[in-house]
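Report on the structure
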Amino acid sequence: MAEAVGRARASSWRPSAPMIVAGLAFLVCFWRPMITLGQDWLTDPDAGHGLLLFPVALYLVWKRGLVEAPRPQRALGVSLLVAAVLLRYVSGLAAELFTMRLSLLGAAMGLVVYAWGVRQLRHWWLPLLLVVLSVPLPVVILGSLAFPLQLTASRWGATLLQLRHVPVHLAGNVIQLPGRSLFVTEACSGLRSLTALAALGLLVGGLWLRTTWGRVLLVLLAIPVAMALNAVRVFLTGFLSFYVDTRLAEGFMHLSEGWVIFVVAFAILGGSAAILVAVERRLPRVPA
């Protein structure tokens, strides 16, 4: 009797054994990129949006569940896993975190394809893109994006100040006021708000909108909205500093301006999404 029970227990574990072994191997191989990614979310201001995006992505995965009649694609899944492991090895030799984290995502996708097929990846397209957006870009790319945004914010902000009869002189990303200079730093470039708005646009579009063009348009709309409102923030900083008090350009008040501007940007994005929803309702229903 005991032997029969033991055989029954062993047979019940056999179907799960490959997935358990694969999960343990996944943790061993990709432990470092997981830990460093979590550390960046906690300590890097440019990556802090991952603390919101990743839990939301996990919730959407749970909410959407599995597709009906999944079709596992073993060969394709194994190919993706092998490619991800090779990328992990090469990026580990080069100590390059971005590609190391991409290999982590590639391995996770390979496991999904192996277990349930490509249809499951398409079913989870929204959480997958949210996870991709939660991975910080390399410093070189961030710098190349931030500097043009700094110059644009400085130029637009200076133009708005001139329209309000504030004497300014613009030198690159430095706005010179009488008795004071405002330096538009990389943190004030608007890149953080742009990244956050793009992620929110993707999330709102994926949940509210049903057409691909509507979702793409909403995400693209986040770019001019973030740039324009960041220029308004630069203008407000210079305006309040010139007419009211120079202390308003720093510290708590400066941070408060950033939060208020971001709330306004999100409201504009939400209003744009509502308009797109109304437009979609007037159009013939087509697959997204």
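Heads up: the structure comes first, above all this text.
The paragraphs below set out a description of the structure included in this document. Bear in mind that the values here come from a model prediction, so they are computed numbers and not experimental data. (Residues numbered from 1 in each chain as written. Predicted model: local features only at pLDDT ≥ 70, side-chain atom pairs only at ≥ 80, totals over all residues. Heavy atoms only, no water.)

Describing the overall build of the protein
Along the backbone of the protein there are eleven helices and three strands. In the protein, the succession of helices and strands from N to C terminus is α-α-α-α-α-α-α-α-β-β-β-α-α-α. Taken over 288 residues, the protein has a buried fraction of 36%. The long-range fraction of contacts in the protein, counting pairs at least 24 apart against all pairs at least 6 apart in sequence, stands at 74%. As presented, the protein carries roughly 16,600 Å² of accessible surface, and 72% of it is formed by carbon and sulfur atoms. (Helix = DSSP H or I, 4+ residues; strand = E, 2+ residues; numbered from the N terminus. Buried < 20%, exposed > 50% of the residue type's maximum accessible area, 1.4 Å probe, protein only. Contact = heavy atoms within 4.5 Å. Areas by Shrake-Rupley, 256 points an atom, 1.4 Å probe, with all protein chains shown as cover.)

Quick look at the pairing of strand β3 (residues 180-183)
The pairing of strand β2 (residues 174-177) with β3 spans four bridges and is classified as antiparallel. Each bridged residue has a counterpart across the sheet, and for Gln176 the counterpart in β3 is Ser181. Remark: two residues form the turn of the hairpin made by β2 and β3, two consecutive strands paired antiparallel; Gly179 in that turn has positive phi of roughly 80°. (Pairing = 2+ DSSP bridges.)

Let's talk about the side chain of Thr36
Inspection of the secondary structure assignment puts Thr36 in helix α2 (residues 17-43). With near-sequence residues (within four places) excluded, Thr36 lies in contact with Leu97 and Arg101.

Remarks on a nonpolar patch on the surface
Residues Ile20, Leu24, Leu27, Trp31 and Ile35 make up a contiguous nonpolar surface patch of roughly 470 Å² in combined accessible area. For Leu27, the location among the structural elements is in helix α2. Using a relative accessible area of 39% as the deciding quantity, one classes Leu27 as partly exposed. (Patch = residues over 30% accessible without salt bridge, like charges linked within 9 Å, V, L, I, M, F, W, Y side chains within 5 Å. Salt bridge = Lys/Arg side-chain N within 4 Å of Asp/Glu carboxyl O.)

Things to note about the packing of helix α8 (residues 139-163) against helix α10 (residues 212-243)
Direction vectors running N to C along α8 and α10 enclose 55°, while the axes themselves pass 8 Å from each other. With respect to α10, the element α8 is oriented oblique. Every pair of crossing elements has a handedness; the one defined by α8 and α10 is right-handed. Facing α8, whose interface residues are Leu149, Thr152, Ala153, Trp156, Gly157, Leu160 and Leu161, α10 presents Met227, Ala228, Asn230, Ala231, Val232, Val234, Phe235, Gly238 and Phe239. When grouped by side-chain class, the residues that make up the contact of α8 with α10 number twelve nonpolar, four polar and no charged. (Axes fitted to C-alpha atoms, helices over the stretch in contact; angles between N-to-C directions. Parallel < 35°, antiparallel > 145°, perpendicular 65-115°, else oblique. Left-handed = near helix turned anticlockwise from the far one by under 90°. Nonpolar A, V, L, I, M, F, W, Y, C, P; charged D, E, K, R; others polar.)

Quick notes on the packing of aromatic side chains
If you walk through the whole model with that rule in mind, you get four aromatic pairs. Considering the side-chain rings of Phe235 and Phe239, the 5.5 Å spacing of their centres and the 35° angle between planes classify their relative orientation as tilted. Of this pair, Phe235 and Phe239 both sit in helix α10, four residues apart, roughly one helical turn. By relative accessible area, which is 21% here, Phe239 ends up partly exposed. Above the ring of Tyr114, the side-chain terminus of Arg74 is found at 4.7 Å from the ring centroid. (Phe/Tyr/Trp six-rings, centres within 6.5 Å; stacked < 30°, edge-to-face > 60°. Lys NZ or Arg CZ within 6 Å of the ring centre and 35° of its normal.)

Quick notes on helix α5 (residues 97-116)
One full turn of an α-helix is made of 3.6 residues, so residues set three or four places apart face in the same direction. Its 20 residues give α5 an end-to-end C-alpha distance of 29 Å, which sits within 8% of 28 Å, the value for a rise of 1.5 Å per residue. For α5, the set of buried residues is Phe98, Met100, Arg101, Ser103, Leu104, Leu105, Ala107, Gly110, Val112, Val113 and Ala115. Once α5 finishes, Gly117 follows within two positions and takes phi at roughly 100°, a positive value. (Expected span 1.5 Å × (residues − 1).)

What to know about the sheet that holds strand β1 (residues 169-171)
If you walk across this open sheet you meet the three strands as β1-β2-β3, and the pairing is antiparallel. Sheet topology places β1 and β3 at the edges, where each strand pairs with a single neighbour. Across the sheet, the axes of successive neighbouring strands diverge by a mean angle of 20°, strand direction being ignored. Here α8 sits on the sheet in contact with β1 and β2, set at roughly 25° to β2.

Some thoughts on the pairing of β2
Residues Ile175 and Leu177 point to one face of β2 and are all buried, whereas Val174 and Gln176, pointing to the other face, are not buried. Bridging between β1 and β2 involves three bridges; their strand directions are antiparallel. When the sheet's bridge partners are listed, His169 is paired in β2 with Gln176. Taken together, β1 and the strand that follows it, β2, pair antiparallel across an intervening segment of two residues, in which Gly172 is found at a positive phi of about 70°.

Notes on the pattern of salt bridges
For the coordinates displayed, the defined rule picks out one salt bridge. Residue Asp40 pairs with Arg101 through a salt bridge whose shortest N-O separation is 2.7 Å. Taken together, the positions of Asp40 in helix α2 and Arg101 in helix α5 put the pair 61 residues apart, joining distant regions of the chain. Owing to a relative accessible area of 3%, Arg101 belongs among the buried residues under this scheme.

None of the figures reported here should be taken as evidence of function without further support.
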